[in-house]
Amino acid sequence: MALQVTNPPMSLPDFLAMRDFIYARTGIYFAEAKQYFLENRLARRLVGVNIKTYQGYLELLQGPMGKEELKQLFIEITTNETSFWRNPPQIEAFQRIVLPEAIALAKAKGSSKLRIWSAACSSGEEPYTLAMICAEAKDTLLKGMLVEIIATDISEKVLAQAKEGIYGSYTLRNLTGPQLKQHFNLLSQDCYEVKPELKQLVSLKLVNLVEYSAYKALGSFEVIFCRNVLIYFDEAVKIKVLRGFHEQLQPKGFLLVGHSESIHSFNIGFELMHFTKAMGYRKRD
Ligand SMILES: C[S@@+](CC[C@H](N)C(=O)[O-])C[C@H]1O[C@@H](n2cnc3c(N)ncnc32)[C@H](O)[C@@H]1O
């Protein structure tokens, strides 16, 4: 018989205190309507650390043992939904328009390396999609060029999944049969492993996007993908993240955000690009 776990109720003051703490550490903002969601996610951690109240859990996070538990908190509260070739019109615009122009940018500054940042990469589907596209262009557009895809996330759990690189058919649903055959080894029914040639293009790193000073160490990029995470941030955090991206992009570099994440109201040095059924941004120099 399954063990029934009775969760302590989360009071409004508990919720507000946790919400403010999470916002300060991650930029993720939980509106009041999300109290139930947060309560559900955190109830699991209370059981995990054997603490009876949310106040006690917050004290643990703020205390000397807080750093380790913070990693678990990030795993619990993040939404990691993703898939290969997500938002096909934007991925196709990357393949047809952004990639050739980004290569030209790198060459114009005398570099033989193209650098792409997949910021908030979740379990790896996005950076491996970009790696597939680059691998397919290695003897044409990218001849004589190296490619480095830096893929970052706040959750150690999804980064471990990305490192493993093993996926089921649901997340691969947008790929064609030939793409699957070219880039994956079939391990067993419904279990596909990314080929080593793709893995070697992708470097995975733990980066919290609200630790803005960490961006510099990643170096500069011709292209930044940051899709489907800005929606969790409020305006103040979005502006700081976008400023950070602006600094890390080469002049005329590209920023691709999620399809519901228009950033042009912030007007901080990007111009809008229209693609077929998709949008992107380009750094003004
Ligand atoms: C919905 S997924 C998006 C994945 C991928 N970019 C895509 O569009 O398919 C959002 C990701 O953002 C990550 N995330 C949330 N807050 C973050 C932060 N402050 N720093 C870095 N990553 C964060 C989550 O862990 C999650 O994996």
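Residues numbered from 1 in each chain as written. Predicted model: local features only at pLDDT ≥ 70, side-chain atom pairs only at ≥ 80, totals over all residues. Heavy atoms only, no water.

**Student:** Before we move on, could you go through the layout of surface pockets and cite the residues and values that matter?
**Tutor:** The calculated volume of the largest pocket comes to roughly 540 Å³. Taken together, 30 residues make up the lining of the largest pocket; nearest its centre are Thr78, Thr79, Asn228, Val229 and Tyr232. When its residues are assigned to classes, the lining of the largest pocket shows 15 nonpolar, nine polar and six charged. Counting the residues that make up the lining of the largest pocket, at least three belong to each of domain 1 (12-77) and domain 2 (88-283). Its boundaries defined by the atoms lining it, the second largest pocket holds a volume of some 310 Å³. In this structure, the second largest pocket is lined by 16 residues; those nearest its centre are Ala135, Lys138, Glu197, Gln200 and Leu201. Elements with a contribution of two residues or more to the lining of the second largest pocket: helix H6 (125-136), strand E2 (146-153), helix H8 (177-183) and helix H9 (196-199). Per element, the largest residue contribution to the lining of the second largest pocket is three residues, and it comes from E2. Considered class by class, the residues forming the lining of the second largest pocket number eight nonpolar, three polar and five charged. (1 Å grid on protein atoms, 1.4 Å probe; cavity = no way out; pocket = protein on both sides within 12 Å on 5 of 7 lines; lining within 4 Å. Points joined across faces, edges and corners; volume = space filled by probe spheres on them. Nonpolar A, V, L, I, M, F, W, Y, C, P; charged D, E, K, R; others polar. Domains from an automatic or database assignment. Helix = DSSP H or I, 4+ residues; strand = E, 2+ residues; numbered from the N terminus.)

**Student:** Which residues make up the site of the ligand, and what values do they have?
**Tutor:** Near the ligand, the surroundings consist of 21 residues, among which Thr82, Ala120, Asp153, Leu209 and Asn228 are the closest. A distance of 2.6 Å separates an oxygen atom of the ligand from a polar atom in the side chain of aspartate 153. Residue arginine 227 places a main-chain N or O atom 2.9 Å away from a nitrogen atom belonging to the ligand. Here the ligand has 600 Å² of accessible area as a free molecule, and 99% of this is covered by the chains. Of the pockets mapped on this structure, the ligand occupies the largest pocket. For the shell around the ligand, the residue count by class is seven nonpolar, nine polar and five charged. (Near = heavy atom within 4 Å. Polar contact = N/O pair within 3.5 Å; in protein donor to acceptor, adjacent residues only side chain to side chain. Areas by Shrake-Rupley, 256 points an atom, 1.4 Å probe, with all protein chains shown as cover. Sits in = over half its atoms within 2 Å of the grid points.)

**Student:** Break down H6 for me, citing the residues and quoting the values.
**Tutor:** With 12 residues, H6 ought to run about 16 Å at 1.5 Å a step, and its terminal C-alpha atoms sit 16 Å apart, in line with that. Of all 12 residues in H6, 10 are buried, a share of seventy percent or more. Among the residues making up H6, those that are buried are Glu125, Glu126, Pro127, Tyr128, Thr129, Leu130, Ala131, Met132, Ile133 and Cys134. (Expected span 1.5 Å × (residues − 1). Buried < 20%, exposed > 50% of the residue type's maximum accessible area, 1.4 Å probe, protein only.)

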